[in-house]
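Secondary and tertiary structure notes
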Amino acid sequence: MKIIEQLLHSFVGGEVFTAFDTETTGLSSKYEKIIEIGAVKFDKNGIIDTYSVLINPEKVISSNITSITGITNQMVSDCKIFSEIAPSFLNFINETKLVAHNAKFDIGFVNAELEKTPYNNLRKSQCNAVDTVKVAQKVFPELGCYKLQELAKHFNIKVDAAHRAYDDARVCMELFVLCMKKAASKIGTSVLF
């Protein structure tokens, strides 16, 4: 619980967090590409700003990925490629603590994409994130399933568009805040948020 206590201290202390999510053309960051990034910047007082962008992956999006995400080749055909959106995304997350559900996946894709851009040295060494899967497992050890949509259902977190990056990032943020509230009650801390 020490890591959870540190997170709670940061959150209550007013640190700014950014929950983010990616949608991709597949599961391997070595061969696949990001097609959407969604992010929600927040602190203990609520949402500060939001970010959502479709990205042209410069490769075909399979029908399987389209059926999961709803993102089609036509939707991204006129969009910017990752290297063109990288500055705005890096600026958005600058000086915030990143939060993601199954963070290793999203961080792996962001780092793989950054390595192919002139911006690879700006954030790569700092590009790690709080993983809400691990946080939820520590705070709610009694739950059997830690998939984002299952947790949203369990905790009555509204889902508007599952497997779209912005909505998944918002759900991730709400899950994180819920975990912080539960951690505060477990630790016995009086928290004003």
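Presented here is an overview of the structure given in this document.

About the criteria used
Residues numbered from 1 in each chain as written. Predicted model: local features only at pLDDT ≥ 70, side-chain atom pairs only at ≥ 80, totals over all residues. Heavy atoms only, no water. Helix = DSSP H or I, 4+ residues; strand = E, 2+ residues; numbered from the N terminus. Contact = heavy atoms within 4.5 Å. Salt bridge = Lys/Arg side-chain N within 4 Å of Asp/Glu carboxyl O. Buried < 20%, exposed > 50% of the residue type's maximum accessible area, 1.4 Å probe, protein only. Pairing = 2+ DSSP bridges. Phe/Tyr/Trp six-rings, centres within 6.5 Å; stacked < 30°, edge-to-face > 60°. Lys NZ or Arg CZ within 6 Å of the ring centre and 35° of its normal. 1 Å grid on protein atoms, 1.4 Å probe; cavity = no way out; pocket = protein on both sides within 12 Å on 5 of 7 lines; lining within 4 Å. Points joined across faces, edges and corners; volume = space filled by probe spheres on them. Nonpolar A, V, L, I, M, F, W, Y, C, P; charged D, E, K, R; others polar.

Turning our attention to the environment of F109. Here F109 is to be found in helix α5 (residues 103-114). With residues near it in sequence (within four places) discarded, F109 still touches T24, G26, L27, S28, S29, E32, K33 and I34.

In total, this model carries seven salt bridges according to the counting rule given. Residue R170 is joined to D167 by a salt bridge in which the shortest nitrogen-to-oxygen separation is 2.7 Å. Of the two residues, R170 and D167 are both situated in helix α9 (residues 165-187); the distance of three residues between them amounts to about one turn of the helix. The exposure class of D167 is buried, given its relative accessible area of 5%. A network of salt bridges, in which partner residues are shared, links K158, D160, D167, R170 and E174.

This part takes up the sheet that holds strand β1 (residues 17-24). Reading across from one edge, β3-β2-β1-β4-β5 is the order of the five strands in this open sheet, with mixed pairing throughout. Each edge of the sheet is formed by a strand with only one pairing partner; in this case those strands are β3 (46-54) and β5 (130-131). Judged from the eight bridges that link them, β1 and strand β2 (residues 34-43) form a sheet pairing that is antiparallel. Across the sheet, residue T18 finds its bridge partner in β2, namely K41.

Here the structure, examined in full by the defined rule, presents 11 aromatic pairs. Each ring, one from Y51 and one from F89, has its centre 5.7 Å from the other, and the planes form 50 degrees; the classification is tilted. Here Y51 is found in strand β3, whereas its partner F89 is found in helix α4 (residues 82-93), with 38 residues between them in sequence. Residue classification places Y51 among the buried positions, given a relative accessible area of 12%. Their ring planes at 50 degrees and their centres at 4.7 Å tell us that F140 and F155 sit as a pair that is tilted. Of this pair, F140 sits in the loop between α7 (132-139) and α8 (148-154) while F155 sits in the loop between α8 and α9; the two residues are 15 residues apart in sequence, bridging distant segments of the chain. Assigned by exposure class, F140 and F155 land together as buried. Positioned above the aromatic ring of F92, the side-chain terminus of K41 is 4.5 Å from the ring centre.

What the largest pocket holds in volume is close to 590 Å³. Residue lining of the largest pocket: 23 residues in total, with D21, E23, F105, H163 and D168 positioned closest to the centre. At the level of elements, β1, α2 (63-69), α5, α8 and α9 are the ones that each hand at least two residues to the lining of the largest pocket. Partitioning the lining of the largest pocket into residue classes produces 10 nonpolar, eight polar and five charged.

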